[in-house]
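As a plain string of letters, each chain reads:
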Amino acid sequence: MTKPVCLLKGGQGGLGNMHFLTNLIRNPRFSKPGRNGLEQHFLFELKSIADLGLIGLPNAGKSTILNKISNAKPKIGHWQFTTLSPTIGTVSLGFGQDVFTVADIPGIIQGASLDKGMGLEFLRHIERSNGWVFVLDLSNKNPLNDLQLLIEEVGTLEKVKTKNILIVCNKVDIDAEKSESFAKYLQVEKFSKSQGWDCVPISALREENIDVLKKKMFKCARQSEFDK
């Protein structure tokens with residue numbers, strides 16, 4: 001449990017007239033005033049606490065994924081920065097089974113570490129999450145480059161390795177024959193395995209592989225328990 005922190009010291013109470021009652025002074029008519037405590041204005045901001053945080057470029061499908069796996073109803077659109085504030089959803093693996101929470105934050109763009117866009121502004125909401133889920137758009141030209149960009153923008157590879165990581169390759173439904181998107185997935189999977197990360201291909205729009213995704217996300221959220 002976190003120890004309490006003293007921000008300001010309170011004042012010192014005064015002494016009423018009864019404190020000055022003596023055998024000689026039976027009805028004291030004086031007292032000792034107290035001292036005022038310190039005063040200061042503070043602005044507190046609650047960091048959203050979720051088991052997992054979704055990280056990805058704008059329009060990668062994070063909100064659609066959260067909508068498909070949880071009871072959350074984030075705003076979904078075909079334009080960038082549809083998500084303007086963090087959204088938290090609760091995910092259940094089934095009736096009577098364990099649940100976990102997932103936070104969706106605005107998309108991160110190149111240069112976010114230099115205050116471009118808005119994704120990095122909300123990264124603090126998932127700093128205390130057990131795991132991070134990187135969502136990649138397989139319709140993009142090079143999803144592996146996108147992943148490396150996200151890692152660079154949120155910090156460093158060393159910082160990322162302090163978290164449980166899951167890589168999600170979304171939008172496998174973009175290609176009619178799926179051959180091109182699957183080839184991209186294999187590239188991402190190879191890199192992910194080299195880092196010891198799980199990688200799963202899905203189509204959030206068509207709800208393909210969603211059950212597998214939920215199980216892998218649960219494992220990512222509870223990785224320390226699985227390691228015991």
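Here the structure is a predicted model, which means the values were calculated and not measured. (Residues numbered from 1 in each chain as written. Predicted model: local features only at pLDDT ≥ 70, side-chain atom pairs only at ≥ 80, totals over all residues. Heavy atoms only, no water.)

Quick word on the sheet that holds strand β3 (residues 99-104)
Here comes step 1: Spatially, the six strands line up as an open sheet ordered β2-β3-β1-β4-β5-β6, and their pairing is mixed. Looking along the sheet, the strands with just one partner apiece sit at the ends: β2 (87-92) and β6 (198-201). Taken over all neighbouring pairs, the strand axes of this sheet differ in orientation by 25° on average, direction set aside.
Here comes step 2: Here three bridges tie strand β1 (residues 52-56) to β3, and the two strands are oriented parallel to one another. Within the sheet, the bridge partner assigned to Leu 52 lies in β3 and is Val 102. (Pairing = 2+ DSSP bridges. Helix = DSSP H or I, 4+ residues; strand = E, 2+ residues; numbered from the N terminus. Axes fitted to C-alpha atoms, helices over the stretch in contact; angles between N-to-C directions.)

Remarks on the confidence of the model for the chain
Detailed reading of predicted coordinates is not advised where the pLDDT is low.
Here comes step 1: Mean pLDDT over the chain: 80, with 81% of residues reaching 70 or higher.
Here comes step 2: Element-level mean pLDDT values for the chain span from 58 in helix α6 (residues 223-227) up to 95 in strand β5 (residues 164-170).
Here comes step 3: Residue range residues 74-84 is modelled with pLDDT below 50. Its contacts to residues more than four positions away, or to other chains, number 29 contacts. (pLDDT = per-residue confidence, 0-100. Contact = heavy atoms within 4.5 Å.)

Thoughts on the pairing of strand β4 (residues 131-137)
Here comes step 1: Counting buried positions over the seven residues of β4 gives seven, a clear majority of the element.
Here comes step 2: Burial along β4 is two-sided: the residues Gly 131, Val 133, Val 135 and Asp 137 and Trp 132, Phe 134 and Leu 136 are all buried.
Here comes step 3: Relative to β5, β4 is paired through seven bridges, and the arrangement is parallel. Bridged to Gly 131 within β5 is Asn 164. (Buried < 20%, exposed > 50% of the residue type's maximum accessible area, 1.4 Å probe, protein only.)

Observations concerning the side chain of Asn 170
Here comes step 1: Tracing the backbone shows Asn 170 in strand β5.
Here comes step 2: Judged by its relative accessible area of 3%, Asn 170 falls in the buried class.
Here comes step 3: Every residue in contact with Asn 170, bar those within four places of it in the chain, is listed here: Ala 60, Gly 61, Ile 65, Val 135, Leu 136, Asp 137, Leu 138, Ile 202, Ser 203 and Ala 204.

Describing helix α2 (residues 143-154)
Here comes step 1: With twelve residues, α2 extends 17 Å from end C-alpha to end C-alpha; this agrees with the ideal 16 Å at 1.5 Å per step.
Here comes step 2: Within α2, nine of the twelve residues are buried, which leaves it mostly tucked inside the rest of the structure.
Here comes step 3: Looking at α2, one finds that the buried residues are Pro 143, Leu 144, Asp 146, Leu 147, Leu 149, Leu 150, Ile 151, Glu 153 and Val 154.
Here comes step 4: Just downstream of α2 lies Gly 155, where phi reads positive at about 155°. (Expected span 1.5 Å × (residues − 1).)

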